[in-house]
Amino acid sequence: MTLVHTVAELRAALAPARAEGASIALVPTMGALHDGHGSLIRAARDEADVVVVSVFVNPTQFNEAADLAAYPRTLSEDVALAQAAGADLIFAPAADGIYPEGFATTVALRGTLTETFEGAERGVGHFDGVTTIVAKLLAMVGPDCAYFGEKDAQQLAVVRRVVADLSLPVRIVGCPIVRDPDGLAMSSRNRHLSPAAREAALALPRALAAAASGVESGRLTDGDTLEQEAFASLRDAGLEPEYVRAVDPESFTSVQELDGAVLIVGAARVEDVRLIDNLPAASAAPRRTRVPTAQAVTA
Ligand code: PAF
């Protein structure tokens, strides 16, 4: 496996494969790799001839300097994990290789998709940072396909929108959330959890699972009640909820009448660690037709 740090090295390393018509996959990451990233790399390995993993802690998508400073940087472990999962090439650029002096272009997607939930909590600049770095990485690597985790469901929807809107010649592949055996979604930030916070953090997947089963059984029929119940259980466990909502998985508009398929998205803080997670849910049958009124039955 090859480790490169500059765009020139990256392009030179990919040139022979490209000349032979080999398919290239990109797995963009910010490092601190865990088995969730491993699953993306393995999925890419199954489908493409050459697998490139980028490792770059992108400063422009952080809204808090402390969060950026605390973000784990573990390149040698990342190289080992990526290699074991089947990567061929790691691209780990320096910040000035990505944002040289005079850099002045931003890829900005506006509207509900970037201004709600993660966009609202982290500031709209968060998604501008994500869309700009993803567009740059796609331009640098020129992959046939790129792999993103469904844990960051809003990011995945944003990336799909940008790729469609800019007619970028790449297939975006979403991969399922990887969870620890107790249900906590894997995240690079989990390593900052104390044992007590790690235990409390389980309240988030549990609240989402309770909400999903409430939707599926027909007990929960509106988004506000879903949010209230989830907030109460998160607070009981000592978490500070940011949002729990049923949304349309493509547009991320909030769904109030829970009578179809939704994605339940949630974010909460425990100690200083931010957790996000999501779960799809579909009510058994559209509410409008599920319970006919007596009048409708006798008519
Ligand atoms: O999901 C991430 O790790 C990052 O947001 C990404 C896509 C690598 C862009 O920096």
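Computed from a predicted model, the values in this text were never measured in an experiment.

Each value, and the rule that gives it
- Residues numbered from 1 in each chain as written.
- Predicted model: local features only at pLDDT ≥ 70, side-chain atom pairs only at ≥ 80, totals over all residues.
- Heavy atoms only, no water.
- Pairing = 2+ DSSP bridges.
- Helix = DSSP H or I, 4+ residues; strand = E, 2+ residues; numbered from the N terminus.
- Axes fitted to C-alpha atoms, helices over the stretch in contact; angles between N-to-C directions.
- Contact = heavy atoms within 4.5 Å.
- Near = heavy atom within 4 Å.
- Polar contact = N/O pair within 3.5 Å; in protein donor to acceptor, adjacent residues only side chain to side chain.
- Areas by Shrake-Rupley, 256 points an atom, 1.4 Å probe, with all protein chains shown as cover.
- Core = buried A, V, L, I, M, F, W, Y, C linked by side-chain atoms within 4.5 Å.
- Buried < 20%, exposed > 50% of the residue type's maximum accessible area, 1.4 Å probe, protein only.
- Parallel < 35°, antiparallel > 145°, perpendicular 65-115°, else oblique.
- Nonpolar A, V, L, I, M, F, W, Y, C, P; charged D, E, K, R; others polar.
- Salt bridge = Lys/Arg side-chain N within 4 Å of Asp/Glu carboxyl O.

K.L.:
Looking at this model, I keep getting lost on the sheet that holds strand E9 (residues 273–282). Mind explaining?
P.N.:
Hydrogen bonds between backbone atoms are what pair the strands of a sheet, whose relative direction is either parallel or antiparallel. Pairing is antiparallel in the open sheet, where three strands are placed in the order E7-E8-E9. In this open sheet, the two edge strands, each paired with only one partner strand, are strand E7 (240–247) and E9. Here the average twist between neighbouring strands, direction ignored, is 10°. Alignment of E7 against strand E8 (residues 261–270), held across seven bridges, turns out to be antiparallel. Bridging across to E8, Glu240 finds its partner in Arg269. The strands that helix H11 (residues 203–217) touches are E7, E8 and E9; relative to E9, the one it contacts most, it runs at about 20°.

K.L.:
What should I look at first to understand the site of the ligand in this one?
P.N.:
The local shell around the ligand consists of Pro28, Thr29, Met30, Asn58, Gln61, Ile133, Phe148 and Gln155. At 2.6 Å from an oxygen atom of the ligand is found a side-chain nitrogen or oxygen belonging to Gln61. Contacts to the ligand include Gln155, whose side-chain N or O atom sits 2.7 Å from an oxygen atom. Computed on the free molecule, the ligand has an accessible area of 290 Å², of which 89% lies beneath the protein chains in the complex.

K.L.:
Explanation requested: the nonpolar core in the structure shown.
P.N.:
When a protein is soluble and globular, its nonpolar side chains tend to lie buried together. If you look at the biggest cluster of nonpolar residues, it comprises 46 residues, and the most contacted ones within it are Leu10, Leu14, Val52, Phe91, Ile172 and Phe252. Looking at this core element by element, the count peaks at nine residues for helix H8 (residues 124–141). Other than its neighbours up to four places away in sequence, Phe252 contacts Thr112, Leu113, Thr116, Phe117, Ala153, Gln154, Ala157, Val247, Leu263 and Val265. By size, the runner-up hydrophobic cluster in this structure holds 30 residues, among which are Ala197, Ala201, Leu202 and Ala207.

K.L.:
What is the right way to read the packing of helix H1 (residues 7–19) against H8 from this model?
P.N.:
When two helices pack together, their arrangement is given by the angle between the helix axes and by the axis-to-axis distance. Put simply, H1 and H8 touch, their axes get as near as 9 Å, and they point 50° apart. On the basis of their axis angle, the class for H1 and H8 is oblique. Contacts from Val7, Leu10, Arg11, Leu14 and Arg18 in H1 reach Ala139, Met140 and Val141 in H8. A class-by-class count of the residues in the contact of H1 with H8 yields six nonpolar, no polar and two charged.

K.L.:
Mind showing me how you'd approach unusual backbone geometry here?
P.N.:
Excluding glycine, most residues fall at negative phi; most peptide bonds, likewise, are trans. In this structure, Ser167 is a non-glycine residue whose phi angle is positive, near 50°. Take Ser167: it is sitting in the loop between helix H9 (153–165) and strand E6 (171–175).

K.L.:
I keep staring at the pairing of E9 and nothing clicks. Help me out?
P.N.:
Each regular strand displays side chains that alternate between the two surfaces of the sheet. For E9, the buried fraction is high: seven of the 10 residues fall into the buried class. Summarising the sheet, E8 and E9 pair through 10 bridges and their orientation is antiparallel. Its bridge partner being in E9, Val262 is matched across the sheet by Ala281.

K.L.:
What's the story with the pattern of salt bridges in this structure? I'm lost.
P.N.:
Should the charged atoms of two oppositely charged side chains come close, the side chains can pair. Under the definition given, this model contains 17 salt bridges. In this structure, Arg161 engages Asp165 in a salt bridge whose closest nitrogen and oxygen atoms are separated by 2.8 Å. Within this pair, Arg161 and its partner Asp165 are both found in helix H9, separated by four residues, close to a single helical turn. The exposure class of Arg161 is partly exposed, given its relative accessible area of 40%. The class for Asp165 is partly exposed, based on a relative accessible area of 43%. We note a salt bridge from Glu242 to Arg274, for which the minimum N-O separation is 2.7 Å. With Glu242 in strand E7 and Arg274 in strand E9, the pair connects residues that are 32 residues apart, well separated along the chain. No difference in accessibility class separates Glu242 from Arg274, as the two residues are buried. Salt bridges here are not isolated pairs; linked through shared partners, they connect Glu64, Glu118, Arg122, Glu242, Arg269 and Arg274.

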